[in-house]
Amino acid sequence: MKTIKSLYIVDDDKIYHFLFKNLLKQNGIDVETTFFCNGLDAIEFIRKSKDEVEMPDLILLDVNMPIMNGWQFLEEYEKLVSGFVKKPVIYMISSSNNEVDIIKSKDFEGIVKDYYLKPICREDLEKMFVLEEV
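Residues numbered from 1 in each chain as written. Predicted model: local features only at pLDDT ≥ 70, side-chain atom pairs only at ≥ 80, totals over all residues. Heavy atoms only, no water.

Describing the pairing of strand E5 (residues 112-117)
Summarising the sheet, strand E4 (residues 89-94) and E5 pair through 5 bridges and their orientation is parallel. When the bridges of E5 are listed, Ile90 appears paired with Val112. Traced from E4 through helix H4 (residues 99-106) to E5, the parallel crossover comes out right-handed. (Pairing = 2+ DSSP bridges. Helix = DSSP H or I, 4+ residues; strand = E, 2+ residues; numbered from the N terminus. Right-handed = clockwise from strand over helix to strand, strands pointing away.)

So, the sheet that holds E4
Strand pairing in a sheet is mediated by backbone hydrogen bonds. Such pairs are either parallel or antiparallel. Strand order in the open sheet formed by 5 strands is E2-E1-E3-E4-E5, and the pairing between neighbours is parallel. Two strands lie at the open edges of the sheet, namely strand E2 (32-36) and E5, each paired on one side alone. When strand polarity is set aside, the average angle formed by the axes of neighbouring strands in this sheet is 20 degrees. Each of strand E1 (6-10), E2, strand E3 (58-62) and E4 is contacted by helix H1 (residues 14-26), which is oriented at about 155 degrees to E1, the strand it contacts most. (Axes fitted to C-alpha atoms, helices over the stretch in contact; angles between N-to-C directions. Contact = heavy atoms within 4.5 Å.)

A closer look at the side chain of Asn38
With respect to the helices and strands, the residue Asn38 is situated in the loop between E2 and helix H2 (39-49). Take Asn38: its relative accessible area is 5%, and that puts it in the buried class. One polar contact links the side chain of Asn38 to the main-chain amide nitrogen of Asp41, over a distance of 2.8 Å. If near-sequence neighbours (up to four positions away) are discounted, Asn38 is found in contact with Val10, Met65, Pro66, Ile67 and Met68. (Buried < 20%, exposed > 50% of the residue type's maximum accessible area, 1.4 Å probe, protein only. Polar contact = N/O pair within 3.5 Å; in protein donor to acceptor, adjacent residues only side chain to side chain.)

See below:
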C-alpha cells in the first residue's frame, strides 16, 4: 500500500476547500495540500514546476470551473504527462451526477481513476487515500 503525501485540489469552490481540509483533519489524514481555483492555474503551475517540484500523489479535479474546466485541464494535462516520472492519480469530483460527465471521465482511462460526487464522505476518502502500489 502506498501512502499519499501530497495532493492538489483543483476546484473553484472555496467552501469546498475549507470543508475538505476539515474532513482530512477529522480523519487524521496528514497530507500536503495545494489548492487551485481553476484548471488553468493548476496546469500553469504544473507546467512551470514539473522539473523542480515533485508531482503530487493525488489530484482531485472538479468538473465545472470558470476559466478552464476539468475536461480542458485533462486535455492539457494529457499533453504534459508523458514526460512525468511520477504520474498522480486523478479523481474527478463533481456535484454533477450527469451520466454524460461520468461516461466522459472514462474517456480519460489511464489518467482518471474514478468519479466521485460531492460532498465527499469518509468512505470516499478511504478509497482515495488507500492506493495500491503500481
